[in-house]
Amino acid sequence: VQLQASGGGLVQTGDSLRLSCVASGGTFSRYGMGWFRQAPGKEREFVAAITWNTGSTYYADSVKGRFTISRDNAKNTVYLQMNSLKPEDTAVYYCAATTSLYALRERYMYKDWGQGTLVTSPA
C-alpha cells in the first residue's frame, strides 16, 4: 500500500495540528496503521497505532492524553490529532501500515511507510 502523509507545519507551543495519511493501492480496512516520528539526531520512535479490526488504539507515554489516532476507512485515511504541542514534539512524522495485530509499537512490524511530514514547535 502507498501512503501519503500531510498536515505538518510550524506551530506554537500549546497549539493543535492534525496530520493525515491517505492510503492507496490496497485494502485499507485490513491494515493496522501507525504513526512514528524522528527528531533530528534521534532514532525513529513510536507515537500511536490503531488496529484494523477493532480500532483499538495505542500511544507512546510521551503523547498519551494529548494525541489521538483515528481512521476513516471510507476515505482510506488515518489521522493524528495533536493537541498541546510541545517543543519536544518537533520531528518528521511518518505513517506506516501493517497487517499485524501485534507488536504495533515496533517499527519492524510495518512494511509500508509514507514520506513523512515535518512538525515544528519551537521552544
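Residues numbered from 1 in each chain as written. Predicted model: local features only at pLDDT ≥ 70, side-chain atom pairs only at ≥ 80, totals over all residues. Heavy atoms only, no water.

**Q** In this structure, what is going on with the side chain of T51? I would like to understand it.
**A** Structurally, T51 is set in the loop between β5 (45-50) and β6 (57-59). Judged by relative accessible area, T51 falls into the buried class, the value being 3%. Here N53 takes part through its side chain, which lies 3.2 Å from a polar atom of the side chain of T51. Ignoring any residue separated from it by four or fewer positions in sequence, one finds T51 in contact with G32, S56, Y58, R71, L101 and L104. (Helix = DSSP H or I, 4+ residues; strand = E, 2+ residues; numbered from the N terminus. Buried < 20%, exposed > 50% of the residue type's maximum accessible area, 1.4 Å probe, protein only. Polar contact = N/O pair within 3.5 Å; in protein donor to acceptor, adjacent residues only side chain to side chain. Contact = heavy atoms within 4.5 Å.)

**Q** I'm lost on the state of the cysteines in this one. Help?
**A** Each disulfide is one covalent bond, formed between the sulfur atoms of two cysteines. Here the structure, examined in full by the defined rule, presents one disulfide. Note on cysteine connectivity: C21 is disulfide-linked to C95, with sulfurs 2.1 Å apart. Note on the C21 and C95 pair: the S-S dihedral is about 65 degrees, so by sign convention the disulfide is right-handed. Of this pair, C21 sits in strand β3 (residues 17-24) while C95 sits in strand β9 (residues 91-98), and the two are 74 residues apart along the sequence. For C21, a relative accessible area of 0% puts it in the buried group. (Disulfide = S-S within 2.5 Å.)

**Q** What is the right way to look at unusual backbone geometry in this model?
**A** Trans peptide bonds make up the majority, and among non-glycine residues the majority have a negative phi. Located in the positive-phi region is N76, a residue other than glycine, with phi close to 55 degrees. By the secondary structure assignment, N76 is in the loop between β7 (67-72) and β8 (77-82).

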